[in-house]
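Examining the three-dimensional arrangement
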Amino acid sequence: MMASSASSSVILGNKRRMLMIEFLQMRNGRAELRDIVGYIAEKEGNTDRKHRKSVYVSLMQTHIPKLEREGVVAFERGIITLLQVPDNVTLYMEVVQRNDISWSTFYAGLSVIFLVTAMWFGNLLLVFASLTYLIVAIFQHMKMYRILQPRDSKKGRNTRRNER
C-alpha cells in the first residue's frame, strides 16, 4: 500500500518527524521511543534533561499521532514501528557519506555547466531550464542544511532561546 502525498507533506513539514523517520530507517524500522528522543535531541545539539523532555512531549502529543493517522508508523508500549514511507520522501531525506556530494550539489553543478553551455550557444530555452534546476537545487540544499546543520551553530541558537 502506497502512502499518500499528504503523508509526504506531514513528514517533510517538520524536522523532528523527519529525524524520527531517518532514525527508524537506520534501525530497520523499529526502535524504542527513548532511543528516538535521544537521537533527535543529539541532532538538535542539546541533550540536557529539559530538552529531552521537550522532544519526548512533542513526539507523544503531536508527531507520533500525526504519523499514526497517516499510516506511516505504529506506536505500542514504547516501541515505534515504521510501516511505510512515501517514495518521494526519501528523495528529500538523502543521507550523504562524508566524502560524497549531495544530489542538490550535483544538480547545482550540472545546472551551472548547462548555463555556461547555453550562454555559449545562445540558447535561451536551455538558460531557462538551467536556472530552474539551479533554483530547485538551492532550495533542496537549504532544506537539507537546516536539518543537518553543524551542532555548534545549533547549540548557540538553543542556549540563546533558553536564556529568554
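Please read these numbers as outputs of a predicted model, since none were measured by experiment.

1. So, the pattern of salt bridges
Applying the stated criterion across every chain, the model contains four salt bridges. Arg 27 serves as the salt-bridge partner of Asp 35, at 3.8 Å between the closest nitrogen and oxygen. Asp 35 gets classed as partly exposed once you look at its relative accessible area, which sits at 30%. Note on Arg 27: relative accessible area 42%, which makes it partly exposed. Between Arg 34 and Glu 32 there is a salt bridge, with its nearest N and O atoms 3.1 Å apart. Under the relative-accessibility criterion, Arg 34 is labelled exposed at 59%. On the basis of relative accessibility, which here comes to 30%, the residue Glu 32 falls in the partly exposed class.

2. Observations regarding a nonpolar patch on the surface
Nonpolar side chains collect at one region of the surface, where Ile 101, Trp 103, Phe 106 and Tyr 107 lie side by side and expose about 450 Å² of accessible area between them. Within the secondary structure, Ile 101 sits in the loop between α5 (87-92) and α6 (103-121). Taking the relative accessible area as the measure of exposure, Ile 101 reaches 56% and is therefore exposed.

3. A few points about helix α4 (residues 49-69)
Taking 1.5 Å per residue, 21 residues should reach 30 Å; α4 reaches 29 Å between its end C-alpha atoms and fits that length. Leu 59 marks the point of greatest bend in α4, at about 50°. Where α4 is concerned, the buried positions are His 51, Val 55, Ser 58, Leu 59, His 63, Ile 64 and Leu 67. At the exit of α4 stands Gly 71, carrying a positive phi of roughly 80°.

4. Topic: the sheet that holds strand β3 (residues 79-82)
Note on sheets: strands pair through backbone hydrogen bonds, and any given pair is parallel or antiparallel. Pairing is antiparallel in the open sheet, where three strands are placed in the order β1-β3-β2. Where the open sheet ends on each side, the last strands, each with one partner, are β1 (30-32) and β2 (73-76). Geometrically, the sheet is characterised by an average inter-axis angle of 20° between neighbouring strands, direction not taken into account. Pairing of β1 with β3, which is carried by three bridges, proceeds in the antiparallel orientation. Within β3, the residue paired with Ala 31 across the bridge is Ile 80. Where helix α3 (residues 33-43) meets the sheet, its contacts fall on β1, β2 and β3, and the angle it forms with β1 comes to roughly 85°. Each of β2 and β3 touches α4; the most contacted strand, β2, lies at about 125° to it.

5. Some details on helix α2 (residues 15-26)
Taking 1.5 Å as the rise per residue, α2 with twelve residues should run 16 Å; its terminal C-alpha atoms sit 16 Å apart, in good agreement. Extensive coverage of α2 is indicated by the burial of nine of its twelve residues. Regarding α2, the residues found buried are Arg 16, Arg 17, Met 18, Leu 19, Met 20, Ile 21, Glu 22, Phe 23 and Leu 24. Directly beyond the C-terminal end of α2, a positive phi value near 60° is found at Asn 28.

6. Focus: the nonpolar core
Core analysis: the largest hydrophobic core is formed by 23 residues, its most contacted members being Met 20, Ile 36 and Leu 59. Broken down by secondary-structure element, the contributors of at least two residues to this core are α2, α3, α4 and β3. Look past the residues within four positions of Ile 36 in its chain and what remains in contact with it is Met 20, Phe 23, Leu 24, Ala 31, Leu 59 and Ile 80.

Criteria and thresholds
Residues numbered from 1 in each chain as written. Predicted model: local features only at pLDDT ≥ 70, side-chain atom pairs only at ≥ 80, totals over all residues. Heavy atoms only, no water. Salt bridge = Lys/Arg side-chain N within 4 Å of Asp/Glu carboxyl O. Buried < 20%, exposed > 50% of the residue type's maximum accessible area, 1.4 Å probe, protein only. Patch = residues over 30% accessible without salt bridge, like charges linked within 9 Å, V, L, I, M, F, W, Y side chains within 5 Å. Areas by Shrake-Rupley, 256 points an atom, 1.4 Å probe, with all protein chains shown as cover. Helix = DSSP H or I, 4+ residues; strand = E, 2+ residues; numbered from the N terminus. Expected span 1.5 Å × (residues − 1). Bend = angle between axes of the 7 residues up to and from the residue. Pairing = 2+ DSSP bridges. Axes fitted to C-alpha atoms, helices over the stretch in contact; angles between N-to-C directions. Contact = heavy atoms within 4.5 Å. Core = buried A, V, L, I, M, F, W, Y, C linked by side-chain atoms within 4.5 Å.

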